[in-house]
Every structure is written in C-alpha cells, then in structure tokens.
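Topology and contacts: notes
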Amino acid sequence: MFSKEESRLLRQEFWTSFGKSFPRKWILYDTKLKGFSFKFHFDTKSALIALDLEDDLEFRIKYWEKLVALKSILIDDFLPEAIFEEEYLLDNEKEISRIYIPLNEKVSIHNKNTWRTVMEFFNENMSLFEAFFEEYKDVIED
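Residues numbered from 1 in each chain as written. Predicted model: local features only at pLDDT ≥ 70, side-chain atom pairs only at ≥ 80, totals over all residues. Heavy atoms only, no water.

**Considerations on the packing of helix α2 (residues 57–69) against helix α4 (residues 115–141)**
Helix-helix packing is characterised by the crossing angle of the two axes and by the distance between the axes. Definition in use: The axes used here are C-alpha line fits, helices contributing only the stretch in contact, and every angle between their N-to-C directions lies in the interval 0 to 180 degrees. Segments assigned H or I by DSSP are reported as helices when at least four residues long, segments assigned E as strands when at least two residues long, and all are numbered from the N terminus. Comment on the angle field: the value is read as roughly parallel under 35 degrees, roughly antiparallel over 145, roughly perpendicular from 65 to 115, and oblique elsewhere. The crossing is said to be left-handed when, going from far helix to near helix, the turn is anticlockwise and less than a right angle, and right-handed when the turn is clockwise. Contacts were defined at the residue level, with two residues in contact if any of their heavy atoms lie within 4.5 Å. Ten residue types, Ala, Val, Leu, Ile, Met, Phe, Trp, Tyr, Cys and Pro, are classed as nonpolar, four, Asp, Glu, Lys and Arg, as charged, and the remainder, Gly among them, as polar.
Running from N to C, α2 and α4 cross one another at 125 degrees; their axes reach a closest spacing of 10 Å. Taken together, α2 and α4 sit at an angle that is classed as oblique. For the crossing formed where α2 meets α4, the hand is right-handed. Together, Lys62, Tyr63, Lys66 and Leu67 of α2 and Phe132, Val139, Ile140 and Glu141 of α4 make up the contact between the two elements. When its residues are assigned to classes, the contact of α2 with α4 shows 5 nonpolar, no polar and 3 charged.

Here it is as structure tokens:
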C-alpha cells in the first residue's frame, strides 16, 4: 500500500518518464472544438486512451452523430478495438460520450514493471487516434 504522497510521486514520475520517452506535443485538449478532448488514463487498475465529448449537450450530440458516421473508418483504418459509448458515466457521476481503447493487460501506475507497456500503448494508439482526427477534423467540425 502506498501513501498519498508516494502515489502522487509515482504518478508524477510516470508522466515525466512518458514525456521523455515519447517527446511530442499531443493534441489532447487543443482540438479547437468545444467539449471535445483526447485523454490518457492510467491508474492502479487500468490504462486507456479516450476521446471525450463533454460540456454542452447540443455540441455533444452534434459531434457524436458525426463520429458515429465515421465509426467504420475509425475501426477499419485506425483503431479496430475502439469502443463507442454514447452514455458513459464518469466516477464523479457526470455523463459524457466517449470513444476509448482500453489496454487489455493487468497494469498499475504503482508497478514500474508495467510502465513501458503502457507508454508504448499510449504512444501507438493515441498517435492513430490523432491521425484519424487530423484527417477527418473538417467533417467532424462542419
């Protein structure tokens, strides 16, 4: 068991290591689309990358419909394991729409032996997610 401070330091060390191992600027929140953001998630039980649609319901519905229309392209050409959930409940009970790819391995941010696997998963899959976004951004934001 780790104290809060030990856990915080491990998390900080992971993200610093990830940034040094794969130095590049990720899009993440810089999509220029309201409520539309990419996210990395890594905790003591799992890792995933996600495209979250939050914020205003009107924007969420608009973007979701466009992403569903592009679903076959995303799955066939970029991320075959992508999971689409129109109504995804966050831990804080907030409802969002999410497209995500989980890492199907037992990993923990507290276990440094799993870090390399997660970093490679993040780099490979988020790069593909961003490539999809860049290629179809005009369709999504139209």
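Okay, back to it.
**Some points on helix α1 (residues 4–21)**
The test is simple: A helix's residues, less one, multiplied by 1.5 Å, set its expected span. Buried residues are those whose accessible area, probed at 1.4 Å on protein chains only, stays under 20% of the maximum for their type, while exposed residues exceed 50% and partly exposed ones sit between those limits. This arc is taken over the directions from the axis of the helix to the C-beta atoms.
For α1, which comprises 18 residues, the first-to-last C-alpha distance of 25 Å matches the rise-based estimate of 26 Å (1.5 Å per residue) to within 8%. Of all the residues in α1, the buried ones are Ser7, Leu10, Phe14 and Phe18. Each buried residue of α1 sits inside an arc of 70 degrees when the element is viewed along its axis, so together they form one side. Those residues of α1 hidden inside the fold are in contact with β1 (36–42) and α4.

**Description of the pattern of salt bridges**
Filter applied, for reference: Here a salt bridge means any side-chain nitrogen of Lys or Arg lying within 4 Å of a carboxyl oxygen belonging to Asp or Glu.
Per the stated rule, a full pass over the model turns up 10 salt bridges. Residues lysine 112 and glutamate 13 are paired through a salt bridge, measuring 2.8 Å at the closest nitrogen-oxygen approach. Of this pair, lysine 112 sits in the loop between β4 (95–102) and α4 while glutamate 13 sits in helix α1, and the two are 99 residues apart along the sequence. Ionic pairing is found between arginine 98 and aspartate 52, a salt bridge with its closest N-O pair at 2.6 Å. Of this pair, arginine 98 sits in strand β4 while aspartate 52 sits in strand β2 (residues 47–53), and the two are 46 residues apart along the sequence. Aspartate 52 gets classed as buried once you look at its relative accessible area, which sits at 1%. Ionic contacts of the salt-bridge type, sharing partners, join the residues Lys39, Asp52, Glu54, Lys94 and Arg98 into one network.

**Comments concerning the packing of α1 against α4**
In the contact formed by α1 and α4, the axes pass within 11 Å of each other and the chain directions differ by 50 degrees. Taken together, α1 and α4 sit at an angle that is classed as oblique. For the pair α1 and α4, the crossing hand works out as right-handed. Listed contacts from α4 to Leu10, Glu13, Phe14, Trp15, Ser17, Phe18 and Ser21 of α1 are Trp115, Arg116, Val118, Met119, Phe122 and Asn123. For the contact of α1 with α4, the residue count by class is 8 nonpolar, 3 polar and 2 charged.

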